[in-house]
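# Fold and geometry: a report
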Amino acid sequence: MSKIQVMDEILANKIAAGEVVEKTMNVVKELVENSIDASSSEIKIELLDSGIKEVKVIDNGNGMDREDAVLAFSRHATSKLRSLEDLFSIDTLGFRGEALPSIASVSDFTVKTSNGIEGTIIHLSGGKIQDINPTDVRQGTTMTVSHLFYNTPVRLKYLKNLYVELANIIEYVNKMALSYPSIQFTLTNNGKELLHTDGSGSLLKVIHAIYGLEVSKKMMEIDEENEDYHIYGYLGYPEVARSNRSHMTTLVNGRYIRNNELNRIISDSYHTYIPVDKYPILVLNIEVDPLLVDINIHPTKMDIKFSKMDSLKELVTKLISEELKKHTLIPTIKEYHPSNQEFLVKDSIQNIVWPSFPKGENNEKEEKVKLEEVKLDFNEEIVTTTVSDESSLDKGKIKKMYPIGLVHGTYIIAENEDGMFMIDQHAAAERINYEKYFKAMSEKSSNTIGVLFPITIELPNHDYIIVKEHLDLLRDIGFEVEEFGINTLLFRSHPVWLKKGYEEASLRKIIDIIISKETFDYPKFIEKTAITLACKMSIKANDHISLEDMEHLLNTLRECDNPFTCPHGRPTVITYTKYDLEKLFKRAMN
Ligand code: ZN
Ligand code: ZN
């Protein structure tokens, strides 16, 4: 190859590097996926300064012979490029081939590899092979990328800071560990271990390694199928939900994907169990005939398209809602213990001094990169909880609780043989009313009751037009309504479940929902109506109710489909188990 051609190639690689390796995470991704493709059962990722100083990936995979090792760094001779369609039907991660030369062009790169017969060590600098030598190493490949971007200072500003880089890498390695429980993953940064999975094939053990014991104890195992899909994995209890949807791990035929529609279906299935701004921790393995999925977007986005979405939706919805009903979901109060990972990330980042980089070319001002403290997602405080003796509670039900009194006019204190309970009286009443209203409206033929004096409601003309167009919604839920003069509606009867004395107020709320135009889809409309009316019609905080009323409230709550949360996803009841109390008063030692 002539000198000019070599220069062109290095330039091309540098340009490609801009697209491929904007983040150290992409370097880690590339190297790890090579290791997975090489059938490794152990993959070790060792970072120095979040990978900016060095990324080293050590595997025990097939390794390469000398010829393949050299070829791996040649941009145009790649044999690894595969068609998009292959992606989900073959068991390699595919899709690359150009990334290694790109990474090599902006770093010092060393590859040590052996296929068990011959060992080779290659050193590249700025994309140029410096030397190739035979070496004696065990089977597998070790790739070391150091001084990343050393010859392109302008790229430095994309590397936001060490926390963000490390958080991205951890998230990626976590996903890989969840995708491949049979591979032993180890991740370290500056010598501190951030993740270690045992490669035993147990998904729950991987969840434990990532999220800690408290969370792994709050997972529900699932396994369901229909004619198109088979889904298995773990669903997190509502109480361990996070404010970031990145903990919803969805895999299709073993490959990590992110699909907005699927995420929405999952969130909807947890609806009213967790607040709208929270997302469950879960791992769903979806097995499907590869012919039923299409790759519709850029592959690095990891999105795909399901051709039988309805069937998937039905299965996911059924799976989650049925599973949630099987479990006792009463949070208990516990001290917060940070997970290992969180602890170690902080530890491994302390005392890092930014490496010095050469002065920028092209008069580009070298940007001083500051180490900012970024709140990592897994730092967030969770009220971790344990129902320590689940067997003593009826699965999925709350045992009868006996009220003792009211605290701050808001929280009912109750007890039974299992422990002490605190119930938010508004949240509990809201749940009861929500289910009552929702059920009544779902059965369209719900009973109506005539009124002695018809209710008339006059509206501004633009609102009147909207409501007039959707009178069927009002009729479907049980109002007898007719037009009555200019911009006025007349109601002769209303559904029986409306709270006495609040008929007109409720009706106005419902009309407001129609005017808001948020939804005219019947199921969503009655959902919204049920939530709104339940909140308005339920006892409030600072309503001092009698013991009899409390008892009635608790008994009715126990009969709810989901007695554990209000329709907004807040808990209705929390508990100190008998054991918790004994521990807190040091009657029981542990
Ligand atoms: Zn409310
Ligand atoms: Zn609520």
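Above this text is the structure in question.
Read on for an overview of the structure.

About the cut-offs
- Residues numbered from 1 in each chain as written.
- Chains lettered and ligands numbered in written order.
- Predicted model: local features only at pLDDT ≥ 70, side-chain atom pairs only at ≥ 80, totals over all residues.
- Heavy atoms only, no water.
- Pairing = 2+ DSSP bridges.
- Helix = DSSP H or I, 4+ residues; strand = E, 2+ residues; numbered from the N terminus.
- Axes fitted to C-alpha atoms, helices over the stretch in contact; angles between N-to-C directions.
- Contact = heavy atoms within 4.5 Å.
- 1 Å grid on protein atoms, 1.4 Å probe; cavity = no way out; pocket = protein on both sides within 12 Å on 5 of 7 lines; lining within 4 Å.
- Points joined across faces, edges and corners; volume = space filled by probe spheres on them.
- Donors = N, O, S within 2.8 Å, 3.2 Å for Na, K, Ca; no water.
- Buried < 20%, exposed > 50% of the residue type's maximum accessible area, 1.4 Å probe, protein only.
- Patch = residues over 30% accessible without salt bridge, like charges linked within 9 Å, V, L, I, M, F, W, Y side chains within 5 Å.
- Areas by Shrake-Rupley, 256 points an atom, 1.4 Å probe, with all protein chains shown as cover.
- Salt bridge = Lys/Arg side-chain N within 4 Å of Asp/Glu carboxyl O.
- Lys, Arg positive; Asp, Glu negative; His and termini not counted.
- Charge placed at Lys NZ, Arg CZ, Asp CG, Glu CD.
- Phe/Tyr/Trp six-rings, centres within 6.5 Å; stacked < 30°, edge-to-face > 60°.
- Parallel < 35°, antiparallel > 145°, perpendicular 65-115°, else oblique.
- Left-handed = near helix turned anticlockwise from the far one by under 90°.
- Core = buried A, V, L, I, M, F, W, Y, C linked by side-chain atoms within 4.5 Å.
- Domains from an automatic or database assignment.

This next bit is on the sheet that holds strand β21 (residues 488–495). Sheet architecture is open: three strands sit in the order β19-β21-β20, paired in antiparallel fashion. Strands at the two margins of the open sheet, each flanked by one partner only, are β19 (448–458) and β20 (480–483). Adjacent strand axes in the sheet meet at a mean angle of 15°, parallel and antiparallel pairs treated alike. One ladder, built from seven bridges, connects β19 with β21; its direction is antiparallel. Considered in β21, the bridge of Ile-457 is made with Leu-489. Where helix α14 (residues 503–515) meets the sheet, its contacts fall on β19 and β21, and the angle it forms with β19 comes to roughly 60°.

With that settled, consider the layout of surface pockets. By volume, the largest pocket amounts to about 1400 Å³. Forming the walls of the largest pocket are 40 residues, and the residues nearest its centre are Asp-268, Ser-269, His-271, Thr-272 and Glu-527. Going through the elements one at a time, α8 (260–269), α9 (309–325), α11 (425–442) and α15 (522–537) are the ones with two or more residues in the lining of the largest pocket. Here the element with the most residues in the lining of the largest pocket is α8; it accounts for eight residues.

Let us now look at the coordination of the zinc ion (ligand 1). Where a metal carries four tetrahedral donors, each ideal angle is 109.5 degrees; where it carries six octahedral donors, the ideal angles are 90 or 180 degrees. Protein coordination of the zinc ion (ligand 1) is provided by His-426 (NE2), Glu-430 (OE) and Cys-535 (SG), with donor distances spanning 2.1 to 2.3 Å. Read in sequence order, the donor residues for the zinc ion (ligand 1) give the motif H-x3-E-x104-C. A separation of 3.9 Å is found between the zinc ion (ligand 1) and the zinc ion (ligand 2), which are bridged by Glu-430. Taken together, the residues span about one helical turn, with His-426 and Glu-430 both in helix α11 at a distance of four residues. Glu-430 matches His-426 in its accessibility class, with the two residues each being buried.

A few words on a negative patch on the surface. Together, Glu-221, Asp-223, Glu-225 and Glu-287 give the surface a local cluster of negative charge. Examining the composition of the negative patch, we find that three residues originate from one element, strand β9 (residues 219–225), more than from any other. Looking at the secondary structure, you find Glu-221 in strand β9. A relative accessible area of 56% means that Glu-221 is categorised as exposed.

Time to look at the packing of aromatic side chains. Across all of its chains, the model carries five aromatic pairs by this definition. Their ring planes at 75° and their centres at 4.9 Å tell us that Phe-73 and Phe-109 sit as a pair that is edge-to-face. Of this pair, Phe-73 sits in the loop between α3 (66–71) and α4 (99–105) while Phe-109 sits in strand β3 (residues 108–114); the two residues are 36 residues apart in sequence, bridging distant segments of the chain. Take Phe-73 and Phe-109: they sit in the same class, and that class is buried. Taking the centre distance of 5.7 Å and the plane angle of 75° together, the rings of Phe-479 and Phe-491 count as edge-to-face. In this pair, Phe-479 is assigned in the loop between α13 (471–476) and β20 and Phe-491 in strand β21, connecting sequence segments 12 residues apart. Of the residues examined, Phe-491 reaches a relative accessible area of 1% and is grouped as buried.

Here the focus is the packing of α11 against helix α16 (residues 547–558). Where α11 meets α16, the axes come as close as 9 Å, and the angle between the chain directions of the two elements is 50°. One element, α11, and the other, α16, form an angle in the oblique class. When the axes of α11 and α16 are compared, the crossing they make is left-handed. In this structure, α11 uses Gln-425, Ala-428, Ala-429, Arg-431 and Ile-432 to contact α16, whose residues at the interface are Leu-553, Thr-556 and Leu-557.

Another aspect to go through is the coordination of the zinc ion (ligand 2). Binding of the zinc ion (ligand 2) to the protein goes through Glu-430 (OE), Cys-566 (SG) and His-568 (ND1), at separations of 2.1 to 2.4 Å. Each donor residue of the zinc ion (ligand 2) lies on the same chain, and together they follow the pattern E-x135-C-x1-H. On the accessibility criterion, His-568 (37% relative accessible area) is partly exposed.

Turning our eyes to something else, we now look at the nonpolar core. Residues Val-32, Ile-45, Phe-109 and Phe-185 are the most contacted members of the largest nonpolar core, which totals 53 residues. With eight residues, the top contributor of residues to this core is helix α5 (residues 162–179). Residue-level mapping places this core at the junction of two domains, with at least three residues from each of domain 1 (9–159) and domain 2 (203–326). Look past the residues within four positions of Ile-45 in its chain and what remains in contact with it is Val-28, Val-32, Lys-56, Val-57, Val-173, Phe-185, Thr-186, Leu-187 and Thr-188. Listed in part, the 51 residues of the second largest apolar core include Leu-262, Ile-266, Ile-320 and Leu-329.

Enumeration according to the criterion identifies 15 salt bridges in this entry. Measuring nitrogen to oxygen at the nearest pair gives 2.9 Å for the salt bridge that ties Arg-431 to Glu-435. Of the two residues, Arg-431 and Glu-435 are both situated in helix α11; the distance of four residues between them amounts to about one turn of the helix. Glu-435 carries the same exposure label as Arg-431, and that label is buried. The salt bridge involving Glu-435 is made with Lys-439; its shortest N-O contact spans 4.0 Å. Within this pair, Glu-435 and its partner Lys-439 are both found in helix α11, separated by four residues, close to a single helical turn. Overall, the relative accessible area of 8% leaves Glu-435 in the buried class. Judged by its relative accessible area of 40%, Lys-439 is partly exposed.

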